[in-house]
Amino acid sequence: MSKYWSNLVRRLQPYTPGEQPRRSDITKLNTNENPFAPSPSVMAAIQAQLTDDLRLYPPPEADQLKNTIADYFSLRPEQVFLGNGSDEVLAHVFNGLLRKDLPLLFPDITYSFYPVFCQLYDIQFEKIPLTSDLCIDVKDYHRGNGAIIFPNPNAPTGDLLALDAIKALLQSNVDSVVVIDEAYIDFGGVSAVSLINDYPNLLVVQTMSKSRSLAGMRIGYALGSSELIEGLDRVKNSFNSYPLGHLQIAAGIAAFEDKAYFQQTCNQVIQSRTSLTGSLEEIGFEVLPSKGNFVFVRHQHYEAAIVAKKLRDKGIFVRHFDQERIREFLRISVGTEDQHQQLLDTLKNLINQHLMK
Ligand SMILES: *Cc1c(COP(=O)(O)O)cnc(C)c1O
């Protein structure tokens with residue numbers, strides 16, 4: 001605490017991201033990064049940006065990337081908003097679209113950045129409990145609200161809502177903005193983007209961090225009606241006119257253009273998720289059905305916090321949330337086959353040697 005801080009800053013309890021260890025010998029399955037490198041054409045596009053032109057500001061609207069994304073989703077450029085990672089996009093969404101007189105609704109178990117944004121922007125919210133099997137039931141969102149947000153698939157559970165359920169939610173909340181955070185949609189889900197032209201209250205947020213292997217580049221975007229996007233532009237242009245630099249814009253365009261690589265790496269992640277699920281079940285884990293690039297698991301005998309710590313001691317990082325209802329679970333990112341082998345070998349050793357205490 002410092003006397004120089006504003007009252008708001010004194011009150012803040014910031015989000016804690018998963019650890020980013022410096023050591024390269026870590027098996028890193030804790031922050032849902034893509035195990036595959038970015039497309040080779042992304043690397044080439046970034047290289048091509050290393051010129052004297054870096055002295056120039058980037059185009060403030062990143063028009064070329066905006067047009068590429070609009071084309072990809074068959075939308076108009078006025079329906080696309082870009083930001084420095086989807087966390088920044090979400091910050092502007094909370095500030096510009098979710099700050100209402102009635103409470104914002106989101107699940108009790110969800111992306112833990114949402115309540116942090118609410119605190120930053122002084123937004124009142126109501127947490128809607130997931131069902132007993134940790135799923136979202138859209139009927140629970142049929143109540144007075146200023147707006148609604150949740151990830152689909154949900155994080156950290158991996159549970160996917162079908163498009164019909166989202167449609168029903170949109171229909172019963174025509175006066176509220178409904179934000180679907182699709183950070184993990186490309187790993188086997190069906191995107192709500194196809195509903196955008198029918199529902200002016202729908203905003204879909206996506207990121208290039210997970211399915212496009214570009215967490216280090218910080219590129220996120222929102223897709224929706226031009227009126228929602230114009231609202232976001234007003235916030236962005238009152239905050240930072242240049243959220244994306246030359247390298248990010250070039251990398252983003254190249255990643256969207258290499259559809260084959262994207263398809264292939266997503267399919268590989270989906271396959272690896274299936275095999276990881278089977279292997280974990282074989283050694284006594286319950287694995288929730290996941291459509292993300294992660295699995296949410298609990299062991300019938302061992303405490304999640306202890307398993308996480310034992311793995312960490314062996315250089316394997318997974319994520320444990322010390323939070324009611326999910327304290328018994330671990331979230332494990334889908335990695336390479338090698339990483340899975342290391343994880344499974346280590347787990348088997350710990351179990352066989354009775355070291356999980
Ligand atoms: C990873 C993640 C984000 C943030 O992604 P960035 O674009 O890297 O900021 C947003 N929402 C959810 C649910 C996520 O899991």
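Everything quoted here is computed from the prediction, not taken from an experiment. (Residues numbered from 1 in each chain as written. Predicted model: local features only at pLDDT ≥ 70, side-chain atom pairs only at ≥ 80, totals over all residues. Heavy atoms only, no water.)

(A) Broad picture of the overall build of the chain. Counting secondary structure elements, the chain contains eleven helices and twelve strands. Expected size for 357 residues packed as a compact globule is a radius of gyration near 21 Å; at 21 Å, the chain falls within 12% of this value. With the C-alpha coordinates aligned to their principal axes, the bounding extent of the chain is approximately 60 × 50 × 50 Å. Out of the 357 residues belonging to the chain, those deemed buried represent 54%. Sequence-distant contacts in the chain: of pairs separated by 6 or more residues, those separated by 24 or more amount to 72%. Accessible surface, the chain: about 16,800 Å² in total, of which carbon and sulfur atoms supply 49%. (Helix = DSSP H or I, 4+ residues; strand = E, 2+ residues; numbered from the N terminus. Rg over C-alpha atoms; globule rule 2.2 N^0.38 Å. Buried < 20%, exposed > 50% of the residue type's maximum accessible area, 1.4 Å probe, protein only. Contact = heavy atoms within 4.5 Å. Areas by Shrake-Rupley, 256 points an atom, 1.4 Å probe, with all protein chains shown as cover.)

(B) How the structure looks around the sheet that holds strand β9 (residues 285-287). Pairing in this open sheet of three strands is antiparallel, and the strands run β9-β10-β12 from one edge to the other. The sheet is open, and its two borders are formed by β9 and β12 (330-333), each paired with just one other strand. Within the sheet, the average angular offset between the axes of one strand and its neighbour, ignoring direction, is 40°. Judged from the four bridges that link them, strand β10 (residues 294-299) and β12 form a sheet pairing that is antiparallel. The residue bridging Phe296 from the neighbouring strand is Arg331, located in β12. Lying on the sheet, helix α9 (residues 259-282) is in contact with β9, β10 and β12; it crosses β10 at an angle near 5°. (Pairing = 2+ DSSP bridges. Axes fitted to C-alpha atoms, helices over the stretch in contact; angles between N-to-C directions.)

(C) Spotlight on the nonpolar core. Judged by nonpolar contacts, the single largest core of 54 residues is most densely connected at Leu65, Ile69, Phe73, Leu202, Tyr221 and Leu223. Looking at which domains feed residues into this core, each of domain 1 (18-37 + 260-352) and domain 2 (40-257) gives three or more. If we ignore the near neighbours within four places in the chain, the residues touching Phe73 are Val193, Gln206, Tyr221, Leu223 and Phe256. One finds Phe94, Leu104, Cys118 and Ala222 within the second-largest nonpolar core, a separate group that totals 28 residues. (Core = buried A, V, L, I, M, F, W, Y, C linked by side-chain atoms within 4.5 Å. Domains from an automatic or database assignment.)

(D) Local environment of the packing of aromatic side chains. Tallying each qualifying case throughout the model produces 18 aromatic pairs. On the numbers, 4.9 Å between centres and 70° between planes, the contact of Tyr72 with Phe73 is edge-to-face. On the basis of relative accessible area, Tyr72 is assigned to the partly exposed category, the value being 27%. Overall, the relative accessible area of 16% leaves Phe73 in the buried class. On the basis of an interplanar angle of 40° and a centroid distance of 5.0 Å, the ring pair of Phe94 and Phe117 is categorised as tilted. Here Phe117 lies in helix α5 (residues 114-121) and Phe94 lies in helix α4 (residues 85-97), a separation of 23 residues in the sequence. (Phe/Tyr/Trp six-rings, centres within 6.5 Å; stacked < 30°, edge-to-face > 60°.)

(E) Region of the structure containing the domain arrangement of the chain. If you check the domain split of the chain, you get domain 1 (18-37 + 260-352) and domain 2 (40-257). Averaged C-alpha coordinates put domain 1 and domain 2 at centres separated by 26 Å. Summed over both partners, the interface of domain 1 with domain 2 buries about 2,100 Å², with 61% contributed by carbon and sulfur atoms. The tally of links between domain 1 and domain 2 comes to one salt bridge. Note that Asp108 and Arg325 form a salt bridge whose closest N and O atoms lie 2.8 Å from each other. Counting across the domain 1 and domain 2 interface gives ten residue pairs in polar contact (both at pLDDT 80 or more). At the level of elements, α9 and β10 are the ones that each hand at least two residues to the side of domain 1 that touches domain 2. (Buried area = accessible area lost by both parts, 1.4 Å probe. Salt bridge = Lys/Arg side-chain N within 4 Å of Asp/Glu carboxyl O. Polar contact = N/O pair within 3.5 Å; in protein donor to acceptor, adjacent residues only side chain to side chain.)

(F) Representation of the environment of Leu160 in the model. Inspection of the secondary structure assignment puts Leu160 in the loop between β5 (147-151) and α6 (163-171). For Leu160, a relative accessible area of 26% corresponds to the partly exposed category. For the pair formed by Leu160 and Tyr72, sequence separation is 88 residues and the distance between their alpha carbons is 23 Å. In contact with Leu160, not counting residues within four places along its chain, are Asn152, Pro153, Ile185, Gly188, Gly189, Val190 and Lys291.

(G) Structural view of the environment of Ala308. With respect to the helices and strands, the residue Ala308 is situated in helix α10 (residues 304-313). Expressed as a C-alpha distance, the spacing of Ala308 and Arg331, which sit 23 residues apart in the sequence, is 9.7 Å. If we skip the residues at most four places from it in the chain, Ala308 touches Val318, His320 and Leu330.

(H) Expanded view of the packing of α10 against helix α11 (residues 337-352). As a packed pair, α10 and α11 sit with axes 11 Å apart at the nearest point and diverge in direction by 115°. Comparing the axis directions of α10 and α11 gives the class roughly perpendicular. Here α10 runs over α11; the crossing is right-handed. For the pair α10 and α11, contact is made by Val307, Lys310 and Leu311 and by Leu343, Thr346, Leu347 and Leu350, respectively. Class assignment for the residues of the contact of α10 with α11 results in five nonpolar, one polar and one charged. (Parallel < 35°, antiparallel > 145°, perpendicular 65-115°, else oblique. Left-handed = near helix turned anticlockwise from the far one by under 90°. Nonpolar A, V, L, I, M, F, W, Y, C, P; charged D, E, K, R; others polar.)

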